[in-house]
Amino acid sequence: MSLNSLWEYANPRKFIQTTDMVLPWVTVLAVGVLVTGLIWGFFFTPADYRQGATVKIIYIHVPGALMAINIWLMMLVTSLVWIVRRHHVSAMAARAAAPVGMVMTLIALITGAIWGQPMWGTWWAWDPRLTSFLILFLFYIGYMALWSAIENDDTAADLTSILCLVGSVFALLSRYAVNFWNQGLHQGASMSLDKEEHVADVFYYPLLVCIAGFVLLFISLVLLRTRTEIRARRMRVLLARARMG
Amino acid sequence: MMINVTNLTIARGGIKLLEGVSFTLAAGKALVLRGPNGIGKTTLLRTIAGLQNPVSGQIEADRESMVYAGHADGIKPTLSVIENLKFWAQVFGNKDISKALDAFEIAPLVHQPAGELSAGQKRRLGLARLLVTGRPLWILDEPTVSLDAAAVGMFADAVRAHLEQGGAALIATHIDLGLDGVDQLDVAPYRAKAPEPGDFDEAFI
Amino acid sequence: MIALLQRDMRLAMRAGGGFGLGLSFFLIVVVLVPFGVGPQSALLGKIAPGILWLGALLACLLSLDRIFALDWEDGSLDLLATAPLPMEAIVSVKALAHWLTTGLPLILAAPLFGLLLNLPEAGYKPLILSLILGTPALSVIGTFGAALTVSLKRGGLLLSLLVLPLYVPTLIFGAEMARRGIAGQVATTPMLMLAGITCGVIALMPFASAAVLRVNLR
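A quick note: this is a predicted structure, and the numbers were derived from the prediction, not measured. (Residues numbered from 1 in each chain as written. Chains lettered and ligands numbered in written order. Predicted model: local features only at pLDDT ≥ 70, side-chain atom pairs only at ≥ 80, totals over all residues. Heavy atoms only, no water.)

Brief notes about the overall build of chain C
Where we set the bar: To qualify as a helix, a DSSP run of H or I must reach at least 4 residues; to qualify as a strand, a run of E must reach at least 2; elements of each kind are numbered from the N terminus. Each radius of gyration reported is based on C-alpha atoms, and the globular scaling rule is 2.2 Å times the count of residues to the power 0.38. Under the scheme applied here, a residue whose accessible area is under 20% of the maximum for its type counts as buried, over 50% as exposed, and between as partly exposed, the area being computed with a 1.4 Å probe on protein chains only. Contacts are residue-level and defined by heavy atoms, with any inter-residue pair within 4.5 Å sufficient. Per-residue accessibility takes into account occlusion by the displayed protein chains alone, with areas from the Shrake-Rupley method and a 1.4 Å probe. Charged-residue counts in this description rest on Lys and Arg as positive and Asp and Glu as negative, His and the chain ends being excluded. All charge positions are set by atom: Lys at NZ, Arg at CZ, Asp at CG, Glu at CD.
The secondary structure content of chain C amounts to 9 helices and 0 strands. In chain C, the succession of helices and strands from N to C terminus is α-α-α-α-α-α-α-α-α. Taking 2.2 N^0.38 as the reference for a compact globule, 218 residues should give roughly 17 Å; the C-alpha atoms of chain C span a radius of gyration of 18 Å, in line with that estimate. C-alpha atoms of chain C, sized along the principal axes, occupy 55 × 35 × 30 Å. Here chain C holds 218 residues, and 59% of them are scored as buried. Counting only contacts in chain C whose residues sit at least 6 apart along the sequence, the fraction spanning at least 24 positions is 80%. By element, 71% of the accessible surface of chain C is carried by carbon and sulfur atoms, the whole surface being about 8,700 Å². Across chain C, the 13 positively charged side chains and the 9 negatively charged ones have centroids separated by 4 Å.

Below, the structure is given as structure tokens:
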């Protein structure tokens, strides 16, 4: 199969055909990697000498948090593709990704709270990171609400794309504003990858496997949801045509 | 020549309505669009006025020469008749509104709040707006709705005067305005056919 | 453009709600806060800048859907779109009219309401300055939200949902500037950030607002 151009896959029919083949494999792979990573992380790593067994929540928390941000970035890219090249599949992929991103943000927030309770003795603190994620969560909700509020698909795609663009700028601004507003109290950058020297290899490798599992899971979910979107759109076209007679 | 439309295809809500519409309209001429309800006359006029994009085809016309009047008149009920009219005159960079007041006989109403006008009077005010814009190409969507016979006569006179001054008008209407030398265009034959397989939007099918 | 501004101001005054409604809402928020948190003057004085900023923000939000809704319903927006004004100019003028009818009265009333909340004396200047710098941004960002939701029948709630997250940076820097002023700290950084946001949105937001308005008019 020659890959003449990436844009070939912007054709809905081509997209469905391709994902027919790809989707089962990606899904199986996602489940396999995720289960491997989680079992490895939960059962075959030692408890941290300081944090005890609670540290193991990083295998969900960190990948969830990474995905929350990266899914928004992916939506930004697909929105730009829609605005510039007007490929329907691109807009649909953005729409399909939003709920996944929202759930990832929620996972990051909830696991963070569960982790934070024994560690800092509080479920919630207005720490810059937590606050930024809460704001990101609000952006996801607004984006999804706008999608579902507009009936015409192309209009909705246009408006949400512009909202995604504008929202990205403001999300970034909010991040800096929040950092300025409350210069982090404590908070574990120690667990994230940019300070990997703080994380012993014994935790680090299973964490990488979990992150890969989350990425694969996201790809699988987005492909599935995009296919659903395409079929829903096809149904609407057919219904509209039936009404026209 | 005021406007030249070639092979225009228009759509509303992603569904093609009319296909391959072509016509030209010269200065001093009027073109009346006819066709059954829901066929896409309003969408055609909105596309020509630049409010929405055509699916394909060309519209050669000077954007700055057009003025559009749709179903809604854009009248503010809390402003008086003269304030409404003066506002639109200012937006289009004109000052003189006396001609518009005379043409549609709204001079006696000028200080009334527009909200107190009857439907027909409102419509007359909406049409008077066309005169204060000073633009040569009128694009009118059902201009005679809720007008009585006398007011339809006023409107026909206004169009006639406008054409004599070298203006042009593109009108979608169901009634006979009694204008001479007006071309008619029935849009029914241009109704979009069921799309060909393989066409991009059809990729969804 | 001046004609449009004049018309919008006139409409706001005639409709009766233009100046009064936002201001009354602001007053109600300020009155309700002591009922909620208790009457201790020290506490009220401490949270006063935050309350005043929040009140201003909510009062602003309340009047956003009026920016385009009426013009949309009566067809004025279609006619304006075909008028010789660029859409960017229309949305800018709309934002300016919104600020003049909502933001400006709030700024003028803020000292009075500060009195009610026992705002420390050192706080008046930074608070007013922060409102002057920040409220234009609220109007401009709000205009974008209003343009985004104009075609929706019941867009009010969605409008708030979309606009409030966009207000976060403005609120943070605005309230921070007022707080630092009261504490006697240097407030240059939040002031510059606030001014930067306002200038940035005034310069760039009209393009986004005009784009979504064009999409909605299709």
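Regarding the side chain of Asp158 of chain A
One can find Asp158 of chain A in helix 5 (residues 153-181). When residues no more than four places from it in sequence are discounted, the contact partners of Asp158 of chain A are Trp82 and Arg86 of chain A together with Val215 and Arg218 of chain C.

Quick word on the packing of helix 6 (residues 87-116) of chain C against helix 9 (residues 188-217) of chain C
Residues and elements named next belong to chain C. Keep this limit in mind: As a rule, the C-alpha atoms of each element are fitted with a line to give its axis, helices using only the stretch in contact, and angles between N-to-C directions run from 0 to 180 degrees. The cut-offs work like this: below 35 degrees is roughly parallel, past 145 is roughly antiparallel, 65 to 115 is roughly perpendicular, and the gaps in between are oblique. Classification used: nonpolar for Ala, Val, Leu, Ile, Met, Phe, Trp, Tyr, Cys and Pro, charged for Asp, Glu, Lys and Arg, polar for all others including Gly.
Across the interface, helix 6 lies against helix 9 with an axial gap of 8 Å and an inter-helix angle of 110°. Classified by the angle their axes make, helix 6 and helix 9 are roughly perpendicular. In contact with Met87, Glu88, Val91 and Ser92 of helix 6, helix 9 contributes Pro206, Phe207, Ser209, Ala210, Leu213, Arg214 and Leu217. When its residues are assigned to classes, the contact of helix 6 with helix 9 shows 7 nonpolar, 2 polar and 2 charged.

Topic: helix 5 (residues 149-164) of chain B
Residue and element names in this part refer to chain B. For the record, the criterion: Take the number of residues in a helix, subtract one, and multiply by 1.5 Å to get its expected span.
For helix 5, which comprises 16 residues, the first-to-last C-alpha distance of 22 Å matches the rise-based estimate of 22 Å (1.5 Å per residue) to within 8%. Within helix 5, the full set of buried residues consists of Ala151, Val152, Met154, Phe155, Ala156, Ala158, Val159, His162 and Leu163. Residues of helix 5 that are buried make contact with strand 3 (30-34), helix 3 (98-103), helix 4 (119-133), strand 6 (137-141) and strand 7 (168-172). Positive phi appears at Gly166, one or two residues downstream of helix 5, with a value of about 95°.

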